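Summary of the model geometry
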Amino acid sequence: MRKILIENARIINDSCDFLGYILIEEETIAEIKEGKYTGELPEKIIDATDKIVIPGIIDDQVHFREPGLTYKADIHSESIAAVAGGVTSFMEMPNTNPQTTSIDLLNQKFDLAAEKSVANYSFYLGATNDNLEEIKKIDPQRVCGLKLFMGSSTGNMLVDDEKSLAAIFSESPVLVAAHCEEESIIKKNLEYYKGLYGNKIEPYMHPIIRSAEACYVCSARAVKLADKYGANLHILHVSTEREMGLFERKPLKEKKITSEVCVHHLWFNDKDYKRLGNFIKWNPAIKSEIDRSALIRGIETDAIDIIATDHAPHTLEEKKQPYLKAPSGGPLIQHSLNIMLELYKKGEVSLHKIVEKMCHAPAVRYSVNKRGFLREGYYADITIIDPSIRWEVKTENILYKCKWSPFEDTDFTPAVTHTIINGAVIYENGKVNTEYRGKELRFDR
């Protein structure tokens, strides 16, 4: 029987913070206790003296670009980057090529992940104006959720038909995860600024075109629909102060309407466009410092339920194009935990909230089976952090297939030293076991 002992660890889990040990047997946690381990020593011992041990991170919003867009990312490359950043499970979005809008295409993605993913995985089905019959076929125990684009998208994935929206909100067998930006407002803003500047619009105008108003109007409409039909709604990548007023401050288990914030909206503000331009062009746009500060407060007050990445790689060549041609999105998953730990060091967010929003809450909100917590009998998905290691993001240590990051040349003091997935050490002191394959997530629904 494979056994691993993590000893002398500062364990942060389930609102507790204590010095103790974790004994892993095969895939699961056999013991987690305060104090010293006194049993028979296993062959593999990890000394976690002066280190922090947390549950593995569950990222509920990533774009790994496979199938069809693998020149900029793929399931294997991005799952490697994920585990190097302490992420043990991911939920991947449907806007690939072809778009994942049928159960057959969804099953093909699961097959790809079983063959290629180093981390644990699940996939969203994408909603369209006309695929309700496919939505009804979703297996709630296998599929993490239904992705709904209520804002600008590609192909036929913008759902703007009122009857289709009503049917989706009333009949989806799984959580509806919504991208909320009001298309009509964005189009009006874009045409206005094209009239003023032609094709010479600069990246700093992105949050003016994809405005706070566009976000609020669409999010408010989604909340209204969810209330009307009793839907299980999760609003992705909230980016504005005003949207905070849409969400209740109460325990996650009591909510049917929840929210998520992404790490780039917590780190950057609109002043950073002049320095980084299209490299921080995301949808929704990064907005003002007032908005960023409100999102931070939302974490502490539980208006925000989950912290994720919206990891969405593009090539350097694509991002270096003029604003109107450069795609939105960027790579984040390798550095998301470091970003949050830096915010902790600055006194903006607590360690307990980081663990709650990146580990516990995704497991609770999506009803993930036996993950997201350090508990006896749960899968041993574990991240170990050394707060004393200072390192710099450089091209040579970026593991994304696109080989760039908006955090290049940024110093981070905490470092992930170990990532354990299903009881196996997959990342250890800079080395990834790229031959390992993660498990399909299951959901208690």
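Before reading on, note that the structure itself is shown above.
Presented here is an overview of the structure given in this document. Please read these numbers as outputs of a predicted model, since none were measured by experiment.

**Thoughts on helix α4 (residues 162-171)**
For α4, every residue scored as buried is listed here: Ser164, Leu165, Ala166, Ala167, Ile168 and Phe169. For α4, the capping residue at the N-terminal end is Asp161, with a side-chain oxygen 3.2 Å from the backbone nitrogen of Lys163.

**A few points about the pattern of salt bridges**
Under the defined criterion, the tally for this structure stands at 34 salt bridges. When the shortest N-O distance is used, the salt bridge between Asp14 and Arg375 registers 3.0 Å. Placement of Asp14 in the loop between β1 (3-13) and β2 (16-25) and of Arg375 in the loop between α13 (351-366) and β14 (382-386) is noted, with a sequence separation of 361 residues between them. In this structure, Lys33 engages Glu376 in a salt bridge whose closest nitrogen and oxygen atoms are separated by 3.4 Å. In this pair, Lys33 sits in strand β3 (residues 28-34) while Glu376 sits in the loop between α13 and β14, placing the two residues 343 residues apart along the sequence. Through salt bridges with shared partners, one network takes in Asp302, Lys353, Glu356 and Lys357.

**Digging into α13**
With 16 residues, α13 ought to run about 22 Å at 1.5 Å a step, and its terminal C-alpha atoms sit 22 Å apart, in line with that. Roughly 45° is the biggest bend found in α13, and it falls at His360, with proline Pro362 one to four residues downstream. A large share of α13 lies buried, amounting to 13 of its 16 residues. Of the residues one or two after α13, Ser367 is the one with positive phi, at around 60°.

What counts, and at which threshold
Residues numbered from 1 in each chain as written. Predicted model: local features only at pLDDT ≥ 70, side-chain atom pairs only at ≥ 80, totals over all residues. Heavy atoms only, no water. Buried < 20%, exposed > 50% of the residue type's maximum accessible area, 1.4 Å probe, protein only. Helix = DSSP H or I, 4+ residues; strand = E, 2+ residues; numbered from the N terminus. Polar contact = N/O pair within 3.5 Å; in protein donor to acceptor, adjacent residues only side chain to side chain. Salt bridge = Lys/Arg side-chain N within 4 Å of Asp/Glu carboxyl O. Expected span 1.5 Å × (residues − 1). Bend = angle between axes of the 7 residues up to and from the residue.

The values reported here are purely geometric and, on their own, carry no functional implication.
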